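This is what each chain is made of:
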Amino acid sequence: MLKAKLVHRLLLACLLLTSAPAIAGAPPIVAAASDLQFALTEAAERFQQQTGHALRLNFGSSGNFRRQIAQGAPFELYLSADERYVQALYEEGYTQDEGVIYAIGRLVWLQRAGRGDLPNEEMPLEAVQTALEAGTTERIALANPEHAPYGVAAQQALEHAGLWEQTEPLRILGENVSQAAQFALSDDARGGLVAYSLALAPSLGERSEYVLIPGTWHSPLRQRMVLTNQAGEIATAFYQWLQEDEGQSILRNYGFNAE
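Every residue gets a number counted from 1 within its own chain, in the order that chain's sequence is written. Given that this is a predicted model, residues contribute local features only at a pLDDT of at least 70 and side-chain atom pairs are listed and counted only at 80 or more, while totals for whole chains, interfaces and linings are drawn from all residues. For side-chain calculations, the full set of non-hydrogen atoms in the structure is used, while hydrogens and water are omitted.

K.L.:
What am I meant to see in the overall build of the protein here?
P.N.:
Numbering of helices and strands starts at the N terminus; helices are DSSP runs of H or I of at least 4 residues and strands are runs of E of at least 2. Secondary structure assignment for the protein yields 11 helices and 10 strands. Taking all 259 residues of the protein together, 50% fall into the buried category. Here the analysis covers contacts within the protein between residues at least 6 apart in sequence; of these, 78% occur between residues at least 24 apart. The Shrake-Rupley method, run with a 1.4 Å probe sphere, supplies the accessible areas, and residue values consider only the shown protein chains as cover. Of the accessible surface of the protein, which amounts to about 11,900 Å², a share of 48% is contributed by carbon and sulfur atoms. Buried residues are those whose accessible area, probed at 1.4 Å on protein chains only, stays under 20% of the maximum for their type, while exposed residues exceed 50% and partly exposed ones sit between those limits. We call two residues in contact when some of their heavy atoms are within 4.5 Å.

Following this line, the structure appears as structure tokens:
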């Protein structure tokens, strides 16, 4: 660990001594799960302040990014919300190694602020049950389980509560969990199952309220990141920076737990 920190500090020092114009090309492209939209943006800004080097952040569903990397997309760093996508890419030879776990995600029930009917922690999906019993047409938002890890977790939570099949007519699927959060706060939605990190973001927190879903209701959201075979020194430095105290502190501020 001490050796790794020393190597990283030397790399950062080299970056600080290297002016931005001296490094040819555009900023390295980072592919990141949508639950990182606010946390990683803050981290990248802090990293740029310290090193003078910018990053280009692309947010989307982890499954789509996994497929794009295998098809040759020019991503240098990949932060997935499901470690299995990273492990698959490693086995197929697209990454430098197996990467590292950078966070454990959580799922929440999110709804518009001011409704006055937020479920409690003992029955976090009571709003869904009530909507079904009332015969409402209000939608229930979640990310698409076919390629979004938080969508898989949402499906598992609904299955745990015995509500998956019943909610089929009410479900509206986001391409990723960030879009699902937008749907959850729309006028025609009862709410939705989304990432805790998004619920903690100031821009969403001002107009929403949430309750945590028990972690035992779904498979652990073990989030893994990895450098692709195309990674350069800036992406490598950011990858290491995210593992250190400052990077981890930012992630914790957005509800990500360490393993």
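Once you've had a look at it, read on.
K.L.:
I keep staring at the packing of helix α10 (residues 233-243) against helix α11 (residues 245-253) and nothing clicks. Help me out?
P.N.:
A pair of packed helices is captured by two measures, namely the crossing angle of their axes and the spacing between those axes. Orientation is described by lines fitted to C-alpha atoms, with helices fitted over the stretch in contact, and by angles between N-to-C directions that extend from 0 to 180 degrees. Across the interface, α10 lies against α11 with an axial gap of 4 Å and an inter-helix angle of 65°. As the angle between them shows, α10 and α11 are arranged roughly perpendicular. Of α11, the residues touching α10 (which contributes Trp241, Leu242 and Gln243) are Asp245, Glu246, Gly247, Gln248 and Ile250. Residues are grouped as follows: Ala, Val, Leu, Ile, Met, Phe, Trp, Tyr, Cys and Pro are nonpolar; Asp, Glu, Lys and Arg are charged; every other residue, Gly included, is polar. Broken down by class, the residue content of the contact of α10 with α11 amounts to 3 nonpolar, 3 polar and 2 charged. When describing relative orientation, an angle under 35 degrees is termed roughly parallel and one over 145 degrees roughly antiparallel, while 65 to 115 degrees is termed roughly perpendicular and anything else oblique.

K.L.:
Sorry, what's going on with the nonpolar core here?
P.N.:
As a rule of thumb, soluble globular proteins bury nonpolar side chains together. Counting residues in each nonpolar core, the largest one holds 66 residues, and the members touching the most others are Leu79, Trp109, Leu110, Leu125 and Phe238. Among the elements that take part in this core, α10 stands out by supplying 7 residues, more than any other. By nonpolar core we mean a set of buried residues, namely Ala, Val, Leu, Ile, Met, Phe, Trp, Tyr and Cys, connected to one another through side-chain atoms within 4.5 Å. With 11 residues, the next largest nonpolar core counts Ala73, Phe75, Tyr85 and Val86 among its residues.

K.L.:
Mind showing me how you'd approach the pattern of salt bridges here?
P.N.:
A side chain of one charge can pair with a side chain of the opposite charge if their charged atoms are brought near each other. We count a salt bridge whenever a side-chain nitrogen from Lys or Arg sits within 4 Å of a carboxyl oxygen from Asp or Glu. As enumerated under the stated definition, the model contains 9 salt bridges in all. Between Arg66 and Glu92 there is a salt bridge, with its nearest N and O atoms 2.4 Å apart. Within this pair, whereas Arg66 is found in helix α3 (residues 62-70), its partner Glu92 is found in the loop between α4 (83-91) and β4 (100-105), the two being separated by 26 residues in sequence. Owing to a relative accessible area of 17%, Arg66 belongs among the buried residues under this scheme. Given the relative accessible area of 42%, Glu92 is considered partly exposed. Three or more residues joined by partner-sharing salt bridges are found here, namely Arg115, Asp117, Glu138 and Arg190.

K.L.:
Explain the packing of aromatic side chains to me, please; I cannot follow it from the model alone.
P.N.:
For any pair of aromatic rings, the description rests on two quantities: the centre-to-centre distance and the angle between the ring planes. Aromatic pairing here means that ring centres of Phe, Tyr or Trp (its six-membered ring) are within 6.5 Å. Orientation follows from the plane angle: under 30 degrees is stacked, over 60 is edge-to-face, and everything else is tilted. The tally for this structure, following the rule as stated, stands at 5 aromatic pairs. Between the aromatic rings of Phe238 and Trp241, the centroid separation amounts to 6.1 Å while the plane-to-plane angle is 15°, which identifies the pairing as stacked. Remark: Trp241 and Phe238 occur in helix α10; sequence separation between them is 3 residues, near one turn of the helix. Judged by relative accessible area, Trp241 falls into the buried class, the value being 3%.

K.L.:
Would you explain empty space enclosed by the protein in this entry?
P.N.:
Where empty space is left can be seen by rolling a probe of water-molecule size over the atoms. Cavity: a set of points on a 1 Å grid over the protein atoms alone where a 1.4 Å probe fits but cannot get out. Pocket: an open set with protein on both sides within 12 Å along at least five of seven lines, its lining residues, like those of a cavity, having an atom within 4 Å of a point. Grid points are joined across faces, edges and corners, and a volume is the space filled by probe spheres set on the points. A complete count under the given rule lists 1 cavity of 30 Å³ or more for this structure. Here the largest cavity defines a volume of roughly 50 Å³. Around the largest cavity sit Ala33, Ser34, Asp35, Gly60, Ser61, Ser62, Ala81, Ala148, Pro149, Tyr150, Asn176 and Val177, which together line it. Per-class residue counts for the lining of the largest cavity are 6 nonpolar, 5 polar and 1 charged.

K.L.:
Honestly, helix α7 (residues 177-184) in this entry has me stumped. Any pointers?
P.N.:
For an α-helix, 3.6 residues make a turn, and residues three or four places apart therefore share a direction. Those residues of α7 not exposed but buried are Val177, Ser178, Ala180, Ala181 and Ala184. Along the axis of α7, the buried positions cluster into a sector of 160°, meaning they face one direction only. The directions considered for the arc are those from the helix axis to the C-beta atoms.

K.L.:
Got a minute to help me understand the sheet that holds strand β10 (residues 221-227) in this structure?
P.N.:
In a beta sheet, neighbouring strands pair by backbone hydrogen bonds and run either parallel or antiparallel. In space, the 5 strands of this open sheet follow the order β2-β1-β3-β10-β4, with mixed pairing throughout. The open sheet is flanked by β2 (56-60) and β4, the only strands paired with a single partner. Direction aside, neighbouring strands of the sheet carry axes that sit 25° apart on average. The strands touched by helix α2 (residues 37-51) within the sheet are β1 (29-33), β2 and β3 (75-79), with β2 carrying the most contacts at an inclination of about 170°. Here, any two strands with at least 2 DSSP bridges between them count as paired.

K.L.:
What is the right way to look at the environment of Glu138 in this model?
P.N.:
As for its placement among the helices and strands, Glu138 is situated in the loop between α5 (126-134) and β6 (139-143). As for Glu138 and Arg190, which are separated by 52 residues in sequence, their C-alpha atoms are 5.2 Å apart. Excluding residues within four positions of it along the chain, Glu138 makes contact with Arg112, Arg115, Leu170, Asp188, Ala189 and Arg190.

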